[in-house]
Amino acid sequence: MIVLGIESTAHTIGIGVYDGKRLTHKRHVYRAKGEGMIPRKLGDHHQQWFSRILKDTLDERELKPTDIDMIAFSQGPGIGQPLQFGCAMARYLSLKVGAKLIPVNHCAAHIEIGIYDTGIDDPLVIYASGGNTQLIVKDKERYRVLGETLDIGIGNLFDVLARELGLEYGHGAELERLARNGRYIESTPYSVKGMNTVFGGLLTYAKRIKTKYPPEDIAYSVMHNAFAMLVETAERAFWLTGKKGVIVCGGVAQNSMLQTMLDRMLSKHQTMCGKQKVRLGIPRNEYNGDNGAMIAYTGYELYQKFGDKATINPKSAVPRPRWRIDQVDLVP
Ligand code: FE2
């Protein structure tokens with residue numbers, strides 16, 4: 001069974017192939033210069049790159065479109081226009097080559113590829129990306145959200161701050177480079193509500209002090225506190241659930257400051273309790289940013305588990321921009 005996965009929820013147009021053994025993918029990421037993600041431009045970008053990415057993905061595996069048995073697509077959550085485009089392409093391909101159509105929740109795909117790539121099968125998941133920041137566990141029936149951002153995603157905070165500080169590309173990786181030479185500003189806000197986080201105040205504060213402190217210090221202080229907040233809530237969730245492993249996934253998982261802080265928190269836990277080593281799993285970078293491989297893989301697994309109940313009619317498939325991960329069914 002060959003599954004083609006299409007990812008198009010935000011800045012990335014990605015296509016992957018999975019046949020139960022080998023997972024491959026190609027993608028192209030939209031990079032906005034001096035502005036945020038404008039939905040129309042994302043749609044245009046995906047349209048421009050789709051056929052090339054599809055051809056490269058199929059050529060790499062020496063496949064023809066008619067070899068595809070299933071089309072899995074990222075149905076949500078995400079940004080309207082790019083989602084619409086991905087859904088339209090998935091519907092078209094499904095009807096054109098007679099392949100079944102499988103809708104995949106984008107957040108669930110990040111988690112499933114994380115489990116696949118790290119080998120940690122019952123983790124506490126820290127899902128940190130541009131649009132999402134959540135602490136998630138998976139039980140037999142559902143993914144459970146234990147805590148989440150009450151306003152913006154942590155990656156969104158970094159992207160907007162990078163632009164505010166005058167970086168050419170509003171991206172967390174650029175901000176991380178800047179933060180390396182920064183010093184901590186004592187008055188930086190810190191806002192945790194139980195197992196939830198609030199990031200908007202950090203951005204407001206950064207804008208207010210922009211002319212008073214060097215950008216390096218602001219970048220470092222905001223990044224430091226945002227991650228400290230996330231790690232504090234993750235620690236609470238970790239103690240509550242007693243999981244043996246933690247996976248960090250989503251685009252922000254690649255950040256080395258976050259990885260170091262998490263590693264320290266888990267080491268402290270080990271020292272305090274004398275318990276067995278807790279595994280910290282970080283999927284490889286190729287699977288952490290948005291990609292089509294995670295959609296193909298999750299679509300394949302869904303079909304294995306649910307059979308035709310995992311499929312929808314390609315003639316009536318529509319995107320679900322606000323599809324929460326705790327609305328995904330894990331039982332038929
Ligand atoms: Fe994502």
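Reading the values: rules and limits
Along each chain, the written sequence defines residue order, and numbers are assigned to residues from 1. Predicted model: local features are reported for residues with pLDDT of at least 70 only, side-chain atom pairs are reported and counted for 80 or more only, and whole-chain, interface and lining totals are derived from all residues. The basis for the side-chain values is all heavy atoms of the structure; hydrogens and waters are excluded. Note on aromatic pairs: the rings of Phe, Tyr and Trp (six-membered ring only in Trp) are paired at centre separations within 6.5 Å, and the planes decide the class, stacked below 30 degrees, edge-to-face beyond 60, tilted for the rest. Note on conventions: DSSP H or I runs of at least 4 residues are helices, E runs of at least 2 residues are strands, and numbering of each starts at the N terminus. Only protein chains enter the area calculation, which uses a 1.4 Å probe; residues under 20% of their type maximum are buried, those over 50% are exposed, and those in between are partly exposed. Should the NZ of a Lys or the CZ of an Arg lie within 6 Å of a ring centre and within 35 degrees of the ring normal, that charge is described as sitting over the ring. Pairs of residues are marked as contacts when any of their non-hydrogen atoms sit within 4.5 Å. The span one expects for a helix is its residue count, reduced by one, times 1.5 Å. We define the bend at any residue as the angle between the axes fitted to the seven residues before and including it, ending there, and the seven starting there. The split into domains, and so the bounds of each, comes from an automatic or database assignment of domains. Two parts placed together each lose some accessible area under a 1.4 Å probe, and the buried area is that loss summed for both. Salt bridges, as used here, are contacts in which a Lys or Arg side-chain nitrogen is within 4 Å of a carboxyl oxygen on Asp or Glu. By the criterion applied in these results, polar contacts are pairs of N or O atoms within 3.5 Å in which, for protein atoms, one can donate a hydrogen and the other can accept it, and in which residues neighboring in sequence qualify only through two side-chain atoms. We call two strands paired when DSSP finds no fewer than two bridges between them.

With that settled, consider the packing of aromatic side chains. A complete count under the given rule lists six aromatic pairs for this structure. Arranged with centres 4.9 Å apart and planes meeting at 75°, the rings of Y18 and Y300 form a pair that is edge-to-face. Of this pair, Y18 sits in strand β2 (residues 12-18) while Y300 is found in helix α10 (residues 292-306), placing the two residues 282 residues apart along the sequence. Considered together, Y18 and Y300 belong to a single accessibility category, that of buried residues. The cationic tip of R31 hangs over the ring face of Y169; the distance from NZ or CZ to the ring centre is 4.1 Å. Here the basic side chain of R52 rests over the ring of W49, its NZ or CZ set 4.4 Å away from the ring centre.

Moving on, we come to the environment of I115. Mapped onto the elements of the fold, I115 is located in helix α3 (residues 106-118). A residue is classified by how much of its surface remains accessible, and I115, at 14% relative accessible area, is buried. Remark: the alpha-carbon pair of I115 and S316, spanning 201 residues in sequence, is separated by 31 Å. Residues contacting I115, with those up to four places away along its chain left out, are I120, D121, P123 and I247.

Let's shift gears to helix α1 (residues 39-60). Between its terminal C-alpha atoms α1 stretches 30 Å, which fits the 32 Å expected from 22 residues at 1.5 Å a residue. The largest bend along α1 reaches roughly 40° and is located at W49. For α1, every residue scored as buried is listed here: L42, G43, H45, H46, W49, F50, I53, L54, T57 and L58. Elements in contact with the buried residues of α1: β1 (3-7), β2, β3 (23-29) and α2 (80-97). Two residues or fewer past α1, E62 is found with a positive phi of approximately 55°.

So, on to the domain arrangement of the protein chain. What the domain assignment reports for the protein chain is domain 1 (3-110 + 286-327) and domain 2 (124-242 + 244-277). Contacts between the two partners involve 16 residues from domain 1, matched on the other side by 19 residues from domain 2. Contact between domain 1 and domain 2 buries roughly 1,500 Å² in total, counting both sides, with carbon and sulfur atoms accounting for 51%. Broken down residue by residue, the surface that domain 1 buries against domain 2 is led by R31, N288 and I325, which jointly contribute 35%. At the boundary of domain 1 and domain 2, one finds three salt bridges. Where domain 1 packs against domain 2, one counts four residue pairs in polar contact (both at pLDDT 80 or more). With four residues, the single largest contributor to the side of domain 1 that touches domain 2 is α3.

On to the pairing of β2. Each regular strand carries side chains that alternate between the two faces of the sheet. Across the seven residues of β2, seven count as buried, placing the element largely inside the fold. Both faces of β2 are covered, namely the face carrying T12, G14, G16 and Y18 and the face carrying I13, I15 and V17. Summarising the sheet, β1 and β2 pair through five bridges and their orientation is antiparallel. By the bridge assignment, V3 is partnered in β2 with Y18.

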